[in-house]
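Observations on chain architecture
Listed below are the residues making up each chain.
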There are 2 protein chains.
Amino acid sequence: MAEAAQKAGAIATAIAELKEHFGGRLSEVMAVRERFGKDESFHPSAPPDAVITPHSTEEVSAIVRTCARHQVPVIPYGTGTALEGQVAALQGGISINLQEMNQVVEVHAEDLDVVVQPGVTRKQLNNHLHNSGLFFPIDPGADASIGGMTACRASGTNAVRYGTMRENVLALTVVLADGRVIRTARRARKSAAGYDLTRLFVGSEGTLGVITEVTLRLYGIPEAISSAVCTFPDVDSAVNTVIATIQYGVPVARIELLDEVQIDAINRYSKTDLALAPTLFLEFHGTEQGVEEQAGIVQELAAESGGSDFQWSANTEERNRLWQARHDAAYACKALQPDGQIWATDVCVPISRLAECIRETQRDIRDSNLVAPIVGHVGDGNFHLCLLVGKDDAAEHQRAQELHERMVMRALAMGGTCTGEHGVGYGKMDFLVAEHGEAVSVMRSIKQALDPDNIMNPGKIVRV
Amino acid sequence: MAEAAQKAGAIATAIAELKEHFGGRLSEVMAVRERFGKDESFHPSAPPDAVITPHSTEEVSAIVRTCARHQVPVIPYGTGTALEGQVAALQGGISINLQEMNQVVEVHAEDLDVVVQPGVTRKQLNNHLHNSGLFFPIDPGADASIGGMTACRASGTNAVRYGTMRENVLALTVVLADGRVIRTARRARKSAAGYDLTRLFVGSEGTLGVITEVTLRLYGIPEAISSAVCTFPDVDSAVNTVIATIQYGVPVARIELLDEVQIDAINRYSKTDLALAPTLFLEFHGTEQGVEEQAGIVQELAAESGGSDFQWSANTEERNRLWQARHDAAYACKALQPDGQIWATDVCVPISRLAECIRETQRDIRDSNLVAPIVGHVGDGNFHLCLLVGKDDAAEHQRAQELHERMVMRALAMGGTCTGEHGVGYGKMDFLVAEHGEAVSVMRSIKQALDPDNIMNPGKIVRV
């Protein structure tokens, strides 16, 4: 009781101090706090005590210094599109809203890199680059902020060709738990100079520091882009086509699998009549000659695995038509149960086990009497489950939870990971222990070394 | 004095305990110790007190546990091909010779990955893979061990296409400073599950733990490989060709620059009559049609930048002939001053500054009255200086040291790094501070958290 009062007093004092500097950029309005304590997942909102909107690294440092002095939690906020409760203020504290730190600082066209503030979103960045001939490829679906994508090690549809945030962040500016500011690396494309602090902060979900500037790799916009769609008799033959494609060395830019349940949902939502079968959606980047050759090779490989109705186009309109179904996937899921909740989760396994993992999961979904379309970034062995759960249906929620747990443990047993791209937040902390075992104690040692008072997004990734 | 005696006593006790288990696999012979305390650099040997050759992770763990109990330093040893004194036993202790942990444990052809013990060398691995249609691309020149390449974040000629060890290690087994064993990740190609411990140990040079198993990405052997060579009027035009090639998106597999001093050295060594001009050596991987297209594009781009005498071949013999000069570069350097010492060093800068950095360095070499051929992995902005220094010529050594320092500080001022691929060891610790500033204190915090008694390869990377 005394402890709670002391904590509340510390937070009140910190807020009072911060108000002096930030004035109207500090909000204690409950509706605002509720919004900043909630991401796009089924996890409930855990509102912070206040939301502050800084405009510079120095201001973030000032916030963290004040919070450190009073041992008040700090939770960075990008766009709130996370999926494992990463922005929830589980122990109260200050949400740092980075949305107004949204400047593209420097484009280095010759070096194929760009320096951005963390609140820049990926679409904003690509709009900014529009006339440069360059683009930033990572596409997690949502128009997330670059800071959030970095903190959560985002990836998405074209990671199979361009890698994830892990491969595409060159350097970071980070405000540490005591307010000190570091730069993790220079702009050189590679370096053997010391511990890889960049990669340590990529995926740390705000638990080690606040990212205030990101240097990213860029790519030349390909001369030609083409798309293809192909249906398969079963998941195995689709996945075999993916394996053959990658072994052949076809530099496919996207290769997405939708299962028959997802296709069915799209047919209902978009009034299409796609064949109810596992379907691969592909995209090729290269020269005009190159994308044609790539598509030709994949068409042959698909045919060898039993694929049929291979449709291909390099024409923009036709490409968009072919991929429309894939783009509609998320909306189609939501439409299946408009009043329900969506429990979005993902795992990633070695691709040799992917078909088996999906098949067993599909059987489990049927046995659990649940509806859960599957969409996979199959080139990486990564797939998503979109579990539909009635809003106040405790029994269904329980079945969903059990199914989810079995899916994650199945992925781990196959040499996979509990999350390919959604992160840990506080939703997957137990699975992190199941996956990493003793290595979690190393993560904890690092957390304690860099954030001894546990004020940086506490209650996420590792328990302290 | 008392401290030194105590330390000697602790080492003697540890060795006595370890002898019981390892018998003939523990050596105290001075010639052996000398060899294990020396890498391929100009840094003098710092022999360990004993060399032990373990055969398993459990045996490595047993060695580290014993050393931890007596606070005796532990220095992992792969092939001794490091270049910044990484294997020197600066404070004595036990060298762990990992050369007999040289099994390829599992090849997962469908997943394009392989699990190896750390003593497997890259050539051994590729020989093992010979009939699988797969290969491991990273090529730092020396036939280094995979463990050493991981620990030093190696890269080399084809990093421009395939990335460095940072991008190609999927998971590690590591013996920590107290003997505990962790696995840093699963075999999934991507993961958002917790802190990136894999990347933390990649490049940690044995200062955080001993790597005892490595899971690597593999690639399908390309259907076709072709090579090209082209000369340029100056370094600027060569580098401009590289920039244009990468911006165009040509997935060049290797793109190497040799300066006129290096070409001259090769002409002397190999009795060739190559034009004394900056020269690019290129390699293309892809389909037959693809490599032809790539070479055609680069030839055009080179011509636009003033390149001439573009020679191209997809024929194996002809390819080898074209690249022979590049392969002879290191021998040719040594032959320039057979009795001298070679001081090999590297920096890496954003590619927009590369030509300027090389030009200023060349001028500095001339002004310093030194001979120092330059070879660059220019696609990454990385280049090597091969400083030739008379063995007992203190004045020349001093000039070389000053030149070296100016080159590194020049690279840092251009947004580059003090080492692109050689690592820090104890040769570049001061430069690490110049490069990273406050971030070095974060590296130190991590070091202290994971190795509180500073027994893991002490005196390297960060001062504690």
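A separate point is the overall build of chain A. Counting its secondary structure elements, chain A contains 17 helices and 18 strands. Compactness check: chain A gives a C-alpha radius of gyration of 23 Å against a globular reference of 23 Å for 464 residues, within 12% of the reference. Expressed as lengths along the three principal axes of its C-alpha atoms, the size of chain A is roughly 70 × 55 × 40 Å. In chain A, which comprises 464 residues, the share counted as buried stands at 58%. Excluding contacts between residues fewer than 6 apart, the proportion of contacts in chain A whose partners are at least 24 apart in sequence is 71%.

The next thing to look at is the relation of the copies chain A and chain B. Relative to chain B, chain A is turned by 180 degrees and slid 0.0 Å along the rotation axis, the superposed coordinates differing by an RMSD of 0.0 Å. Look at the turn and shift together and you get a two-fold axis relating the two.

On to the sheet that holds strand β4 (residues 94–97) of chain A, then. Residue and element names in this part refer to chain A. With mixed pairing, the four strands of this open sheet are ordered in space as β1-β2-β4-β3. The open sheet terminates on both sides in strands that have one partner only, identified here as β1 (26–27) and β3 (74–77). Inspection of the sheet shows β1 paired to strand β2 (residues 50–52) by two bridges, in the antiparallel sense. Paired with S27 across the two strands is V51, which belongs to β2. Lying over the sheet, helix α3 (residues 57–70) contacts β2, β3 and β4, oriented at roughly 175 degrees with respect to β4.

Across the contact, 76 residues belong to chain A and 76 residues belong to chain B. For the side of chain A that touches chain B, the secondary structure elements donating two or more residues are α7 (165–168), β9 (181–183), α8 (197–201), β11 (219–220), α9 (235–248), α11 (288–304), α16 (429–436) and α17 (439–450) of chain A. Ranked by the residues each element gives to the side of chain A that touches chain B, the list is headed by α17(A), at eight residues. Classifying every residue of the side of chain A that touches chain B by side-chain character gives 31 nonpolar, 27 polar and 18 charged.

Next up on the list: the environment of A:N267. All names here are of chain A. Tracing the backbone shows N267 in helix α10 (residues 260–270). Here N267 falls in the partly exposed class, since 16 other C-beta atoms lie within 10 Å of it. The spatial distance from the C-alpha of N267 to the C-alpha of D328 is 9.9 Å, given a sequence separation of 61 residues. Look past the residues within four positions of N267 in its chain and what remains in contact with it is T272, D273 and L274.

Residues and elements named next belong to chain A. Among the eight residues in strand β10 (residues 210–217), seven count as buried, and that is most of the element. Two strands pair when backbone bridges link them, and strand β6 (residues 113–116) and β10 are joined in this way by four bridges, in the antiparallel orientation. By the bridge assignment for β10, V114 is matched with L216. Bridging between strand β8 (residues 169–175) and β10 involves six bridges; their strand directions are antiparallel. Counterpart to T173 in the pairing with β10 is E213.

Quick look at the packing of α17(A) against helix α17 (residues 439–450) of chain B now. Running from N to C, α17(A) and α17(B) cross one another at 135 degrees; their axes reach a closest spacing of 9 Å. The orientation of α17(A) with respect to α17(B), classified from their angle, is oblique. Of the two elements, α17(A) crosses α17(B), and the hand of that crossing is right-handed. Each of A:V442, A:S445, A:I446, A:Q448, A:A449 and A:L450 in α17(A) lies in contact with α17(B), whose residues at this interface are B:V442, B:S445, B:I446, B:Q448, B:A449 and B:L450. Taken together, the residues of the contact of α17(A) with α17(B) break down into eight nonpolar, four polar and no charged.

A few words on unusual backbone geometry. Residues and elements named next belong to chain B. Backbone geometry at N369 places phi at a positive 55 degrees, although glycine is not the residue there. Looking at the secondary structure, you find N369 in the loop between α14 (354–367) and β17 (374–377). With 8 C-beta atoms packed within 10 Å, N369 lands in the exposed category.

Moving on, we get to the confidence of the model for chain A. Do not read the predicted coordinates in detail wherever pLDDT is low. In this model, chain A carries a mean pLDDT of 96, and residues with pLDDT of at least 70 account for 100%. Here the predicted complex scores 0.97 on pTM and 0.97 on ipTM.

Before going further, it helps to spend a moment on the packing of α10(A) against helix α13 (residues 329–336) of chain A. Residues and elements named next belong to chain A. Relative orientation of the contacting elements α10 and α13 amounts to 80 degrees, with a least axis distance of 8 Å. It follows from the interaxial angle that α10 and α13 lie roughly perpendicular. For the pair formed by α10 and α13, the contact residues are Q262, A265, I266, R268, Y269 and S270 on the first element and A329, Y331, A332, C333, A335 and L336 on the second. Per-class residue counts for the contact of α10 with α13 are nine nonpolar, two polar and one charged.

One finds A:V74, A:I96, B:V74 and B:I96 to be the most contacted residues of the largest nonpolar core, which totals 300 residues. Setting aside residues up to four positions removed in sequence, A:I96 forms contacts with A:I52, A:P54, A:V60, A:I63, A:V74, A:I75, A:P76, A:Y77 and A:V210.

The next subject is the sheet that holds β9(A). Residues and elements named next belong to chain A. One open sheet holds the five strands; their spatial order is β5-β6-β10-β8-β9, and the pairing between them is antiparallel. At either margin of the open sheet sits one strand with a lone partner, and together these are β5 (104–108) and β9. The mean angle between the axes of side-by-side strands here comes to 15 degrees, regardless of whether they run parallel or antiparallel.

What follows deals with helix α10 (residues 260–270) of chain B. All names here are of chain B. Looking at α10, one finds that the buried residues are V261, Q262, I263, A265 and I266. Buried positions along α10 lie against β13 (254–258), β14 (279–286), α12 (316–327), α13 (329–336) and β17. Directly beyond the C-terminal end of α10, a positive phi value near 55 degrees is found at K271.

Turning next to α17(B). Residue and element names in this part refer to chain B. Between its first and last C-alpha, α17 extends 17 Å over 12 residues, near the 16 Å set by a 1.5 Å rise per residue. Within the span of α17, buried status applies to A439, V440, V442, M443, I446, K447 and L450. Buried residues of α17, seen end-on, are gathered within an arc of 155 degrees and therefore sit on one face of the element.

Take the environment of B:Q71 next. Residues and elements named next belong to chain B. Tracing the backbone shows Q71 in the loop between α3 (57–70) and β3 (74–77). Residue Q71 is classed as partly exposed on the basis of its C-beta count, with 15 C-beta atoms lying within 10 Å. Through-space distance from the C-alpha of Q71 to that of N454 is 8.2 Å; in sequence the pair is 383 residues apart. Excluding residues within four positions of it along the chain, Q71 makes contact with A10, D453 and I455.

Another aspect to go through is the pairing of β17(B). Residues and elements named next belong to chain B. Neither face of β17 is open: one carries I374 and G376, the other V375 and H377, and all of them are buried. As defined by bridge partners, β13 adjoins β17 across two bridges and the pair is classed as antiparallel. Residue L258 lies in a different strand from β17, and its bridge partner there is V375. From the end of β17 to the start of strand β18 (residues 382–389), which pair antiparallel, there are four residues, and G381 there has a positive phi angle of about 80 degrees.

Cut-offs used in this document
- Residues numbered from 1 in each chain as written.
- Chains lettered and ligands numbered in written order.
- Predicted model: local features only at pLDDT ≥ 70, side-chain atom pairs only at ≥ 80, totals over all residues.
- Helix = DSSP H or I, 4+ residues; strand = E, 2+ residues; numbered from the N terminus.
- Rg over C-alpha atoms; globule rule 2.2 N^0.38 Å.
- Buried ≥ 20, exposed ≤ 12 C-beta atoms within 10 Å, placed from the backbone.
- Contact = placed C-beta atoms within 7 Å.
- Least-squares fit on C-alpha atoms with pLDDT ≥ 70 in both.
- Pairing = 2+ DSSP bridges.
- Axes fitted to C-alpha atoms, helices over the stretch in contact; angles between N-to-C directions.
- Nonpolar A, V, L, I, M, F, W, Y, C, P; charged D, E, K, R; others polar.
- Parallel < 35°, antiparallel > 145°, perpendicular 65-115°, else oblique.
- Left-handed = near helix turned anticlockwise from the far one by under 90°.
- pLDDT = per-residue confidence, 0-100.
- Core = buried A, V, L, I, M, F, W, Y, C linked by C-beta atoms within 7 Å.
- Expected span 1.5 Å × (residues − 1).
- Arc of directions from axis to C-beta.

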